Every structure is written in C-alpha cells, then in structure tokens.
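Spelled out from the first residue to the last, the chains are:
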Amino acid sequence: MITIVFLMIGPPIIFLILGIVGLASKNKKMAKIFFILTGVYLLISFGTCGIMLSNFSLDTK
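No experiment lies behind these values; they were computed from the predicted model shown.

Parameters at a glance
Residues numbered from 1 in each chain as written. Predicted model: local features only at pLDDT ≥ 70, side-chain atom pairs only at ≥ 80, totals over all residues. Heavy atoms only, no water. Helix = DSSP H or I, 4+ residues; strand = E, 2+ residues; numbered from the N terminus. Expected span 1.5 Å × (residues − 1). Buried < 20%, exposed > 50% of the residue type's maximum accessible area, 1.4 Å probe, protein only. Contact = heavy atoms within 4.5 Å. Axes fitted to C-alpha atoms, helices over the stretch in contact; angles between N-to-C directions. Parallel < 35°, antiparallel > 145°, perpendicular 65-115°, else oblique. Left-handed = near helix turned anticlockwise from the far one by under 90°. Nonpolar A, V, L, I, M, F, W, Y, C, P; charged D, E, K, R; others polar.

Student: Any chance you could explain unusual backbone geometry here in plain terms?
Tutor: Glycine aside, residues mostly have negative phi, and peptide bonds are mostly found in the trans state. Of note, Lys26 is a non-glycine position whose phi angle comes to about 65°, a positive value. Relative to the helices and strands, Lys26 resides in the loop between helix H1 (2–24) and helix H2 (28–54).

Student: What's the story with H2 in this structure? I'm lost.
Tutor: Since one α-helical turn is 3.6 residues long, residues separated by three or four positions face the same way. Compared with an ideal rise of 1.5 Å per residue, which puts 27 residues at 39 Å, H2 spans 37 Å between its outermost C-alpha atoms and is within 8% of the ideal. Taken as a whole, H2 has its buried residues at Ala31, Phe34, Thr38, Ser45 and Cys49. Turning to H2, the residues buried within the fold contact H1. Of the residues flanking the end of H2, it is Asn55, one or two places downstream, whose phi is positive at about 60°.

Student: Which parts of the structure should I look at to understand the packing of H1 against H2?
Tutor: For any two helices packed against each other, the geometry comes down to the angle between their axes and how far apart the axes lie. Axis separation between H1 and H2 bottoms out at 8 Å; the angle between their running directions is 170°. Classified by the angle their axes make, H1 and H2 are roughly antiparallel. Here H1 and H2 pass one another in a crossing that is left-handed. Classifying every residue of the contact of H1 with H2 gives 21 nonpolar, five polar and one charged.

As structure tokens, this is what we get:
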C-alpha cells in the first residue's frame, strides 16, 4: 500500500523540486515543463490509482 502511495506522490514531488530549481536558475522553459509534468502526473495518478485504492466500481445494477 505504501509503495502505491509513493508511486502516486513521489515523482510529482521530484518534478516540483526540479521546476523550482529551474526557476531559481532562470531557466523558465524547463521549469514550466516540469510544472506541467507535475500536474499531469498528479491528475493521472490520483485518477487511476485513487479509483483502484477506493475500490470504486461502475456497477449500476
């Protein structure tokens, strides 16, 4: 369970740190790319892994 949570949150934290480093080093294009990657990764990981972790089903019987 903890590994799934780490896979959901770990890479976006690394991307966020790299984006902040890019802003500090005046590399705005690299920072923007890493901020976008952070958002996309969080959106997909919370969507996909969050549904699996909450045991959600679309069974409408």
